[in-house]
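Residue-level structure breakdown
What follows is each chain in one-letter form.
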Amino acid sequence: MLQTLYDYFWWERLWLPANLTWADLEDRDGRVYAKASDLYITLPLALLFLIVRYFFELYVATPLAALLNVKEKTRLRAPSNPILEHFYVTSGKQPKQAEVDLLSRQSGLSGRQVERWFRRRRNQDRPSLLKKFREASWRFTFYLIAFIVGMAVIVDKPWFYDMRKVWEGYPIQSTIPSQYWYYMIELSFYWSLLFSIASDVKRKDFKEQIIHHVATIILISFSWFANYVRAGTLIMALHDSSDYLLESAKMFNYAGWKNTCNNIFIVFAIVFIITRLVILPFWILHCTVVYPLELYPAFFGYYFFNFMMGVLQLLHIFWAYFILRMAHKFVTGKLVEDERSDREETESSEGEEAAAGGGAKSRPLANGHPLLNNNHRKND
């Protein structure tokens, strides 16, 4: 049974154009071709990335945070209360007014005290400013290095300038060591992000982030063993071109350098829109959708790859909506926050809660530190 499924999964008609087999992609005459077995190394490399990340955050990002004067806000802890803690863990973090009244009677506290307890308890679960800074520092470092390495890998290749050459000779296209390591490192990094997503800073687009990581892992893996390597290197470099800008903006935001943060964010928004909403759909997707059909009839792998590319493109449109909304508020002088985050609640929000109906579900706020705040700038 398993052997049948295995044979069907690797059926050449699924992944390769007509009249070609996996035997055509076996190494010969000193030419090395991409193979699915190459990808096994990415799982131990992903674990290695997690170890390197741990030491990077401890010995590089933490001292850097101190150097940039990243200060943590003092958080008031919720006093021990088994009744309220049980409700918080089992029923929810945002009790409704009727639930607040019931908890008030059960715990012997006033409704305002119950609301205050839940507010402080929610703040305890929010990631610290240092944790967010260290995470952004790690991603900034990787994305910047990956972008530089990616450009070094592709800038001297003819298909970087003429995308028809992406498919010249496909799929009988040999690979070189720089392409191999670029692929393995990128795929390993995204595996490490998927492994650590449960412990990383959670934002409103948590589900979209999971979809993005899974889609990216599938795309990179498929493009390797189906020998879409030339297209894959272009796509990876394109994505890395804006990611490091966003992470650096976050770092300066957490450090309180608002002018620097805002300026970098505007640059990021411009680069993101150009690369993800212009170059990707009108150049890269055109290259992967139109040009292959000039050489081969469409096959399952062709549809699969472009379907996953479509998933990524939809995610880019989703994120572009938030980016443009933030940029618009910034340009118009309004307060701009990271639309994906939950802001830390302060004691001053107690009056707001009372005015809004006590324990009623509060509106989503950003994670304590707005990404852009045009009203409170600090000189760089």
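Right above here is the structure, for reference.
Residues numbered from 1 in each chain as written. Predicted model: local features only at pLDDT ≥ 70, side-chain atom pairs only at ≥ 80, totals over all residues. Heavy atoms only, no water.

The linkage connecting Tyr-170 with the following residue, Pro-171, adopts the cis geometry, with an omega of 0 degrees. Along the chain, the position of Pro-171 falls in the loop between α7 (129-154) and α8 (177-196). Phi at Asp-29 is positive, roughly 55 degrees, even though this residue is not glycine. Positionally, Asp-29 belongs in the loop between α2 (12-15) and α3 (42-67). You will see that Asn-69, though not glycine, has its phi angle at about 65 degrees, which is positive. (Helix = DSSP H or I, 4+ residues; strand = E, 2+ residues; numbered from the N terminus.)

Following the sequence through the fold, Ser-223 ends up in helix α9 (residues 206-225). A distance of 2.8 Å separates a polar atom in the side chain of Ser-223 from a polar atom in the side chain of Tyr-183. Excluding anything up to four places from it in sequence, Ser-223 contacts Tyr-183, Tyr-228, Val-229, Gly-232 and Phe-305. (Polar contact = N/O pair within 3.5 Å; in protein donor to acceptor, adjacent residues only side chain to side chain. Contact = heavy atoms within 4.5 Å.)

This brings us to the nonpolar core. Side chains that are nonpolar tend, in soluble globular proteins, to be buried together. Tyr-228, Ile-284 and Met-309 are the most contacted members of the largest nonpolar core, which totals 67 residues. Elements that contribute at least two residues to this core include exactly α2, α3, α7, α8, α9, α10 (229-254), α11 (258-289) and α12 (300-331). No other element matches the 11 residues that α12 contributes to this core. Those residues in contact with Met-309, other than ones at most four positions away along the chain, are Leu-219, Ile-235, Leu-280, Ile-284 and Leu-285. (Core = buried A, V, L, I, M, F, W, Y, C linked by side-chain atoms within 4.5 Å. Buried < 20%, exposed > 50% of the residue type's maximum accessible area, 1.4 Å probe, protein only.)

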